[in-house]
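Structural features, examined
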Amino acid sequence: MRIYNTLTGKKEEFVPVEAGKVRMYACGVTVYDHCHIGHARSAVVFDIMRRYMKYKGYDFKYVRNFTDIDDKIINRARQEGIKWDEVAKKYTDEYYSDMDSLGIGRADVEPKATEHIREIIDIVKGLVDKGYAYEADGSVYFEVEKFTDYGKLSKRDLEDMLAGARIEVDERKKNPMDFALWKASKEGEPSWESPWGKGRPGWHIECSAMSLKHLGETFDIHGGGADLIFPHHENEIAQSEAFTGKPFVRYWVHNGFITVDKEKMSKSLGNFFTIREILNKFDAEVIRFFLLSTHYRSPIEFSDEQLREAEASIDRYYTTVIRIGDFLSQDNTKNKSGSDEKMLEDLLGKFRDKFKDAMDDDFNTALAIGNIFELIRVLNKYLDGRPSGQKAVELSEKVRDSLKETGNVLNIFNRTPAEWYKALMLVKNIGYTEDDILSKINERKKARENKDWAAADAIRKELEEKGIILEDKKEGTGWKVRI
RNA sequence: GGCGGCGUACCCAAGUGGCUAAGGGAGAGGUCUGCAAAACCUUUAUGCAGCGGUUCAAAUCCGCUCGCCGCCUCCA
């Protein structure tokens, strides 16, 4: 499979450090505020990478950290008038609750910076000993000019960066680009004992320490949002490679941003939508589908309209599942082939390979989803020909199973249609319960038997106004939630 | 200013050298239906921001122009 590597700027054939095993580290969040849909994108993308690689048979280890000590957390604690570790706990809990609601799995290891202070100090000490870092006023800085490869990830050189100069002047630094490995703490700030006095870790060092501990000196994939390329990941490379003398990461992967009116969604612009507020209007599966319907490196424009389209697409899937179910439960004793049977057989025969080809090409989930809907269209056409018999049953079952299998890798399409409509009723605040709907359908059935079309249509209309659509089929009348 | 990315139909979006340019949504017409819905069919890019070049062949490679965005400060 091929993965786009930010380090080389190219798609490269994926070769893990150790055959059959993949070790991945993704930068999680700093727990100081609510999570927005951008955080969800990153979490979904890396979750899908894991799911797909496990599907391919790799032994996969996934580490995702929490930054639980940081200036923003300290500031937030002041604002909220609570202790810094209470802030961290509060937003860590919230993160879990959001991700659980979204149906995103946990990583295998979820380390926290404050649980790795010892490891962090060891690395900082090592970097000082090796001459890559220096102490000043109780803080320790990494000296970027000592690391000749500095800038190789973000593709910039020190001079260019200094020319752009929006960097605060700090007298203690030898070079303005030098960054803190260890920060001396002021009175009243959280701190840990260190060889340089009381202080706390800088932002970047925790990821070097935690990935080293849980994944080793060189591991396969390191990811995060594209905004982490510089300075965070650049600094991680500098620290880690200076410390171990070995290559840090084989493949750097970065997800694109979510935009609103074409602008990056961010806290400072105030144009962000939290996961919770979106979950009030849309089901979790809709959000996951929406995030996977565009390639992970491209920007995605966020809007209710986009989510509604995702919802309509998912509904098309579940509608097809219902149709397959209806077909399988009908009398299939006659032998009759459906429309374009050959086309369906051909497509089904190569469907799994097409899915893998798409995913093997830098996790092209958008293409994979396109393939899924292509199969759905061909199946629908086949069933339109009113097939019957053993072969038709087997073909339909195979389509159903293939769709389920690939959907499962993408963490979508993994419910029953009944569960889907139940979820939609909740999120769309349908005024009726399922029992209400069934009794209305029953009432209408009687009217239809009496050919009282006016009464039957009145019930249809009444339900439609509540957002329920009726479908008369030969098996009886079914209902759906209108998108 | 430095570096990077993007511009494909009405909207979203895949495709990065060679079959009729995937797929979803919206619209229009049709088949089916008591009426609907769903589904299917037809229709909406001889065309991929514009111009020029390389090539037997380009949306895809190269150059320029225009437009949009991102990073260079915390950020997924």
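Residues numbered from 1 in each chain as written. Chains lettered and ligands numbered in written order. Predicted model: local features only at pLDDT ≥ 70, side-chain atom pairs only at ≥ 80, totals over all residues. Heavy atoms only, no water.

1. Considering the protein's contact with RNA strand B
This is how it is decided: Throughout, the term near means that a residue has one or more heavy atoms lying within 4 Å of the molecule or strand in question. For the purposes of these results, a polar contact is taken to be a pair of N or O atoms within 3.5 Å, where, inside protein, one atom must be able to donate a hydrogen and its partner to accept one; residues adjacent in sequence count only when each atom of the pair is a side-chain atom. Residues are grouped as follows: nonpolar covers Ala, Val, Leu, Ile, Met, Phe, Trp, Tyr, Cys and Pro; charged covers Asp, Glu, Lys and Arg; every other residue, Gly included, is treated as polar.
Taken together, 55 residues sit near RNA strand B, with Lys 72, Trp 203, Gly 225, Ser 313 and Arg 377 positioned nearest. Close to the protein, within 4 Å, the atoms of RNA strand B are drawn from sugar and phosphate at a rate of 62%. Lys 72 is positioned such that a nitrogen or oxygen atom in its side chain is 2.4 Å from a sugar or linking oxygen of RNA strand B. At 2.8 Å from a phosphate oxygen of RNA strand B is found a side-chain nitrogen or oxygen belonging to Lys 264. Tallied by class, residues from the surface near RNA strand B come to 15 nonpolar, 19 polar and 21 charged.

2. Quick notes on the environment of Ala 458
Convention followed: Working definition: helices are DSSP H or I runs of at least four residues, strands are E runs of at least two. Numbering for both runs from the N terminus. When a residue's accessible area, from a 1.4 Å probe over protein chains only, is under 20% of the maximum for its type it is buried; when over 50% it is exposed; and in between it is partly exposed.
Inspection of the secondary structure assignment puts Ala 458 in helix α16 (residues 453-465). In this structure Ala 458 comes out as partly exposed when scored by relative accessible area, which is 43%. Ala 458 sits 390 residues away from Asp 68 along the chain, and the two C-alpha atoms are 59 Å apart.

3. Focus on the sheet that holds strand β12 (residues 263-264)
Threshold: For two strands to be treated as a pair, DSSP must find no fewer than two bridges joining them.
Taking strand neighbours across the sheet as the criterion, the 3 strands line up as β12-β11-β13 in an open arrangement whose pairing is mixed. Where the open sheet ends on each side, the last strands, each with one partner, are β12 and β13 (300-301). With 2 bridges joining them, strand β11 (residues 258-260) and β13 adopt parallel strand pairing. Bridge assignment links Ile 258 to a residue of β13, and that residue is Ile 300.

4. Here we look at the packing of aromatic side chains
For any pair of aromatic rings, geometry is given as the distance between the ring centres together with the angle between the planes. We count it as follows: When the centres of two rings from Phe, Tyr and Trp lie within 6.5 Å, Trp using its six-membered ring, the rings pair. Their planes under 30 degrees apart give stacked, over 60 give edge-to-face, and anything left gives tilted.
The final tally for this structure, using the stated rule, is 29 aromatic pairs. Aromatic side chains Tyr 317 and Phe 413 sit 3.9 Å apart centroid to centroid with 10° between the ring planes, which places their arrangement in the stacked category. Taken together, the residues span a long stretch of sequence, with Tyr 317 in helix α10 (residues 304-329) and Phe 413 in the loop between α13 (390-410) and α14 (417-427) at a distance of 96 residues. Judged by its relative accessible area of 3%, Tyr 317 is buried. In this structure Phe 413 comes out as buried when scored by relative accessible area, which is 1%. Ring centres of Phe 373 and Phe 413 lie 6.3 Å apart, and the angle between their planes is 85°; on these two criteria the pair is classed as edge-to-face. One end of the pair, Phe 373, is in helix α12 (residues 365-384); the other, Phe 413, is in the loop between α13 and α14, and 40 residues separate them in sequence. For the pair shown, Phe 373 and Phe 413 are each scored as buried. In this structure an aromatic cluster arises from ring pairing among Phe 289, Tyr 317, Tyr 318, Phe 373, Phe 413 and Trp 420.

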